[in-house]
Amino acid sequence: MRYVITGLVLLLTAANALASTGWSETSLEGLEWREIGPYRGGRSAAVAGIPQDRETYYFGATGGGVWKTRNGGVDWKNVSDGFLGGSLGAVAVSEWDPNVVYVGGGEKTVRGNVSHGDGMWKSTDAGKTWTHVGLDDSRHISRIRIHPKNPDLVYAAVMGHLFGPNEQRGVYRSIDGGDSWQRVLFENEQAGAVDLVMDPVNPRVLYATTWRVIRTPYSLESGGDGSDLWKSTDGGDNWDRLSGNEGMPKPPLGIAGITVSASNPDNLYAIIEADEGGVFRSRDAGETWQRVNSERKLRQRAWYYSRINADPADEDVLYVLNVRFHKSKDGGTTFEAIPTPHGDNHDLWIDPADPMRMIQSNDGGANVSYDGGESWSTQSNQPTAQMYRVS
């Protein structure tokens, strides 16, 4: 409500200023808006690439819609203007039909100035046009996963309202391309789904994490009842809780991220917020776990990060996104930092056929690499900088 009042004050002030000078609104009809900068990237927490196309990538800005490059990041074009705008938390492209793209509204990064969205959007022409496809009251969609051979079978991790209880939380599934949605995992009105991953070998196997998070204008409460890790072996019909399995940290848990190694789907990694949290590894598809790393650099400000990605070719290689972009070559025991164009790293997509090709996002936008992070495309060609106030 404060934002609405502020907007009204600005409008009334502008109107009064016009009246005092003797100008009318019609006097300004000939004026047009033009962009004056800053021409640089703002925060992004959602990226996606295409296995069949080495040059095309998408990213969702937390304050600027959907962006697409067709030349590996040399330049970017907004493809959502006129259809949707504002904050995006997830983007996914169908491997089977890259013309099909889903994006979810609302950023996952739960800051004090966090922005919500208006549900799920879909394009069937590679971003030329968009249609709203439900989950209107989801507020924050943090992950989208598409079946590798059926673009109509799609899953969404929905966080829901951050400032109060909300029924539209959990994991949702659509079997008709978004025309209808079924909630397949729900914990409670204060815990939404924050991460979701599909087994690259068997798409009936899904892993999800739920997170109890409460935001107020002056506080953030992370963790508690409803924060957990889950597994389904039947496409989401039924779910097993993983937090009680051997090697898991003692409750209460907070936010968690989870990933599967494509080269060995029994090999899982998770990064878990807890008193005895850190990076955990399972070699038996989640039955037992071992904490392999507890370094603070990997789990500081967990509510803002907690994303983990397994290399598709080497089960001992994984990435953890935090203030810096961390890579491990020994199953999580040790990590080295890979320089990126900007700090505060939030999302990563890796080409399943070429692990050296990736797109990564952070508080400064999105950047593409073809050499495993040795070099990156620029972020100074993305006019998505976020404006928090104007005077």
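Please refer to the structure placed before this passage.
If you're wondering where the values come from, they're calculated on a predicted model, not measured in any experiment.

Just give me the short version of a nonpolar patch on the surface, but keep the residues and values in it.
A surface patch of nonpolar side chains, about 330 Å² in accessible area, is lined by Trp23, Leu28 and Leu31. Of note, leucine 31 is situated in the loop between helix 1 (2–21) and strand 1 (44–50).

Lay out the sheet that holds strand 26 (residues 345–350) with the relevant residues and their values.
Ordered by their spatial adjacency, 3 strands build an open sheet running 26-27-28, and the pairing between neighbours is antiparallel. The strands lining the two open edges of the sheet, one partner per strand, are strand 26 and strand 28 (365–369). Neighbour to neighbour, the strand axes of the sheet diverge by 15° on average, direction disregarded. Pairing between strand 26 and strand 27 (residues 358–362): 5 bridges, direction antiparallel. Following the sheet pairing, leucine 348 is matched in strand 27 by glutamine 360.

Give me the environment of serine 142: which residues, what numbers.
Relative to the assigned elements, serine 142 resides in strand 9 (residues 141–147). Between the C-alpha atoms of serine 142 and glycine 192, which are 50 residues apart in sequence, the distance is 9.6 Å. Excluding residues within four positions of it along the chain, serine 142 makes contact with Gly89, Ala90, Lys108, Ala157, Met159, Ala193, Val194, Asp195 and Arg307. Looking at serine 142, its side chain comes within polar contact range of the main-chain oxygen of valine 194, at 2.9 Å.

If you had to explain the sheet that holds strand 5 (residues 88–93) to someone new, which residues and values would you point to?
Whether parallel or antiparallel, the strands of a sheet pair through hydrogen bonds between backbone atoms. Taken in spatial order, the 4 strands make up an open sheet running 5-6-7-8, and their pairing is antiparallel. The sheet is open, and its two edges are formed by strand 5 and strand 8 (131–132), each paired on a single side. The pairing of strand 5 with strand 6 (residues 101–105) spans 5 bridges and is classified as antiparallel. Bridging across to strand 6, leucine 88 finds its partner in glycine 105.

Please set out the pattern of salt bridges residue by residue, giving values where relevant.
One pass over the full model with this rule turns up 16 salt bridges. Close ionic contact of arginine 241 with glutamate 187 constitutes a salt bridge, the shortest N to O distance being 3.1 Å. A residue pair is termed long-range when its members are at least 10 positions apart, and arginine 241 in strand 17 (residues 240–241) and glutamate 187 in the loop between strand 12 (182–185) and strand 13 (191–198) qualify at 54 residues. A relative accessible area of 43% places arginine 241 in the partly exposed class.

Criteria and cut-off values
Per chain, residue numbering runs from 1 following the sequence as it is written. The model is predicted, so local features are restricted to residues of pLDDT at least 70 and side-chain atom pairs to those at 80 or more, both for listing and for counting; the totals for chains, interfaces and linings are taken over all residues. Side-chain measures here rest on the full set of heavy atoms in the structure, leaving out hydrogens and waters. Without a salt bridge and with relative accessible area above 30%, a residue can belong to a patch; like charges are then joined within 9 Å and nonpolar side chains (Val, Leu, Ile, Met, Phe, Trp, Tyr) within 5 Å. For accessible areas, the Shrake-Rupley method is used with a probe of radius 1.4 Å. Any residue's cover is judged against the shown protein chains and nothing else. In what follows, salt bridge is the name for a side-chain nitrogen of Lys or Arg lying within 4 Å of a carboxyl oxygen of Asp or Glu. Each helix corresponds to a stretch of at least 4 residues labelled H or I by DSSP, and each strand to a stretch of at least 2 residues labelled E; elements are numbered beginning at the N terminus. Two strands pair under a simple rule: DSSP has to find at least two bridges between them. For helices, the fitted line uses only the C-alpha atoms of the stretch in contact; every axis is such a line through C-alpha atoms, and the angle between N-to-C directions lies from 0 to 180 degrees. Whether two residues touch is decided by their heavy atoms; if any such pair falls within 4.5 Å, the residues are in contact. Identification of polar contacts relies on pairs of N or O atoms within 3.5 Å, with a donor-acceptor requirement for protein atoms, meaning one able to donate a hydrogen and the other able to accept it, and with residues adjacent in sequence counted only if both atoms are side-chain atoms. When accessible area is computed with a 1.4 Å probe and restricted to protein chains, residues below 20% of their type maximum are described as buried, those above 50% as exposed, and intermediate ones as partly exposed.

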